[in-house]
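Structure at a glance
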Amino acid sequence: MTVAEVLALIKLIEDLAPSGVGLVKSLIDRLTGVPEAQIAAIAHQINAGVIASVNAELAKLPPGA
Amino acid sequence: MHRKRKIIALIAVALLLTACTYKQALVLARDAAVSNAAFEQALVVARNDGFIPDNTEYANLLKASKRIAQLDDAAVNAIMNQHDKVGAIAQIDQAIATLDDLTTSGLAAIKNHDRQTAIHAILLAVRGTLISAKALLS
């Protein structure tokens, strides 16, 4: 394979990767021991906590602040 | 036959790299969320200590933290559910812009130099993490 062919193939794989990457992701999850879904869930939980806390603080302020 | 093997190996490596990139970006997005939570808590403490007396300025700082949380959450969703690098980068860019606005104008609302410096450091941590996530996805 020429370098150009390899680069073209890598580009094609990159474009197609979102649909085919699930299998590899689960493999990595098994290898690293931390499921991706768990990391996303923690991030979501923390962000939700910040939003709730901000809303609570804003509610304490007088209207128009 | 030999050529087919090479292509399959290349596809496997590319998929592995892409999947690793998504996972690392998710970890960074989670870390940014943690730092943003620290920022929000630091604002509440500074307010309780009397260092952010103006209601409007305090509200603006809180709203910026909320916006960063929303954008970070959207970036996580884009990475996790849609494998959408471009979408995630767009969210991260907006979060970075919000942080830059805060740094240039919002922090003046904190009327204590030490506290302002500490909160600025937290913001820099959030920014650095988001920049790393963006670089990874780009």
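Source: prediction; values computed, not measured.

We now examine the overall build of chain A. Counting secondary structure elements, chain A contains three helices and zero strands. Here chain A holds 65 residues, and 17% of them are scored as buried.

Attention now moves to the overall build of chain B. Across its full length, chain B holds four helices and zero strands. When the helices and strands of chain B are read in sequence order from the N terminus, they spell out α-α-α-α. Taking the principal axes of its C-alpha atoms as reference, chain B extends roughly 75 × 25 × 20 Å. Scored against the burial criterion, the 138 residues of chain B give a buried share of 43%. At a minimum sequence separation of 6, the contacts of chain B that also span at least 24 residues come to 76%.

Next up on the list: the nonpolar core. Residues Ala25(B), Leu26(B), Ala29(B) and Ile79(B) are the most contacted members of the largest nonpolar core, which totals 46 residues. Looking at this core, the elements that each hand over two or more residues are helix H3 (36–60) of chain A together with helix H1 (2–48), helix H2 (55–80), helix H3 (85–104) and helix H4 (113–137) of chain B. Counting residues per element, this core draws most heavily on H1(B), at 13 residues.

Another aspect to go through is H3(A). Look at H3(A): 37 Å from first C-alpha to last across 25 residues, which is about the 36 Å you get at 1.5 Å a residue. Where H3(A) is concerned, the buried positions are Ile39(A), Ala40(A), Ala43(A), Ile46(A), Asn47(A), Val50(A) and Val54(A).

All names here are of chain B. Two elements in contact, H2 and H3, have axes whose closest approach is 8 Å; the angle formed by their N-to-C orientations is 165°. Classed by the angle they form, the pair H2 and H3 counts as roughly antiparallel. For the crossing formed where H2 meets H3, the hand is left-handed. The residues of H3 that touch H2, namely those facing Ala64, Arg67, Ile68, Leu71, Asp72, Ala74, Ala75, Ala78 and Ile79, are Gly87, Ala88, Gln91, Ile92, Gln94, Ala95, Thr98, Leu99 and Leu102. Considered class by class, the residues forming the contact of H2 with H3 number twelve nonpolar, four polar and two charged.

Turning our attention to the packing of H3(A) against H2(B). It is at 9 Å that the axes of H3(A) and H2(B) come closest, and there the two elements cross at 160°. Accordingly, the angle class assigned to the pair H3(A) and H2(B) is roughly antiparallel. Along this stretch, H3(A) crosses H2(B), giving a crossing that reads as left-handed. For the pair formed by H3(A) and H2(B), the contact residues are Glu36(A), Ala40(A), Ala43(A), His44(A), Asn47(A), Val50(A), Ile51(A), Val54(A), Glu57(A) and Leu58(A) on the first element and Ala59(B), Leu62(B), Ser65(B), Lys66(B), Ala69(B), Gln70(B), Asp72(B), Asp73(B), Val76(B) and Met80(B) on the second. Of the residues belonging to the contact of H3(A) with H2(B), the class tally is eleven nonpolar, four polar and five charged.

Next up on the list: the confidence of the model for chain A. Of the residues in chain A, 57% have a pLDDT of 70 or more, and the chain-wide mean is 78. Helix H2 (residues 22–32) of chain A is the least confidently modelled element of chain A, averaging 63 in pLDDT, while H3(A) averages 94, the highest of any element.

Turning next to H4(B). Helix length check: H4(B), at 25 residues, gives a terminal C-alpha distance of 36 Å against a target of 36 Å (1.5 Å per residue), a fit within 8%. Of all the positions in H4(B), only Ile119(B), Leu123(B), Val126(B), Arg127(B), Thr129(B), Leu130(B), Ala133(B), Lys134(B) and Leu137(B) are classed as buried.

Before going further, it helps to spend a moment on the confidence of the model for chain B. Residues and elements named next belong to chain B. Per-chain confidence: chain B averages 90 in pLDDT, with 99% of residues scoring 70 or above. H1 is the least confidently modelled element of chain B, averaging 86 in pLDDT, while H2 averages 95, the highest of any element. As a predicted assembly, this complex carries a pTM of 0.79 together with an ipTM value of 0.85.

For the rest of this paragraph, the subject is the environment of Asp31(B). With respect to the secondary-structure elements, Asp31(B) resides in helix H1. Sequence-wise, Asp31(B) and Leu99(B) are 68 residues apart; in three dimensions their C-alpha atoms are separated by 15 Å.

Here we come to the environment of Asn77(B). Residues and elements named next belong to chain B. As for its placement among the helices and strands, Asn77 is situated in helix H2. Judged by local crowding, Asn77 falls into the partly exposed class, with 18 C-beta atoms found within 10 Å. Counting along the chain gives 47 residues from Asn77 to Arg30, while the straight-line C-alpha distance between them is 12 Å.

Definitions and limits used
- Residues numbered from 1 in each chain as written.
- Chains lettered and ligands numbered in written order.
- Predicted model: local features only at pLDDT ≥ 70, side-chain atom pairs only at ≥ 80, totals over all residues.
- Helix = DSSP H or I, 4+ residues; strand = E, 2+ residues; numbered from the N terminus.
- Buried ≥ 20, exposed ≤ 12 C-beta atoms within 10 Å, placed from the backbone.
- Contact = placed C-beta atoms within 7 Å.
- Core = buried A, V, L, I, M, F, W, Y, C linked by C-beta atoms within 7 Å.
- Expected span 1.5 Å × (residues − 1).
- Axes fitted to C-alpha atoms, helices over the stretch in contact; angles between N-to-C directions.
- Parallel < 35°, antiparallel > 145°, perpendicular 65-115°, else oblique.
- Left-handed = near helix turned anticlockwise from the far one by under 90°.
- Nonpolar A, V, L, I, M, F, W, Y, C, P; charged D, E, K, R; others polar.
- pLDDT = per-residue confidence, 0-100.

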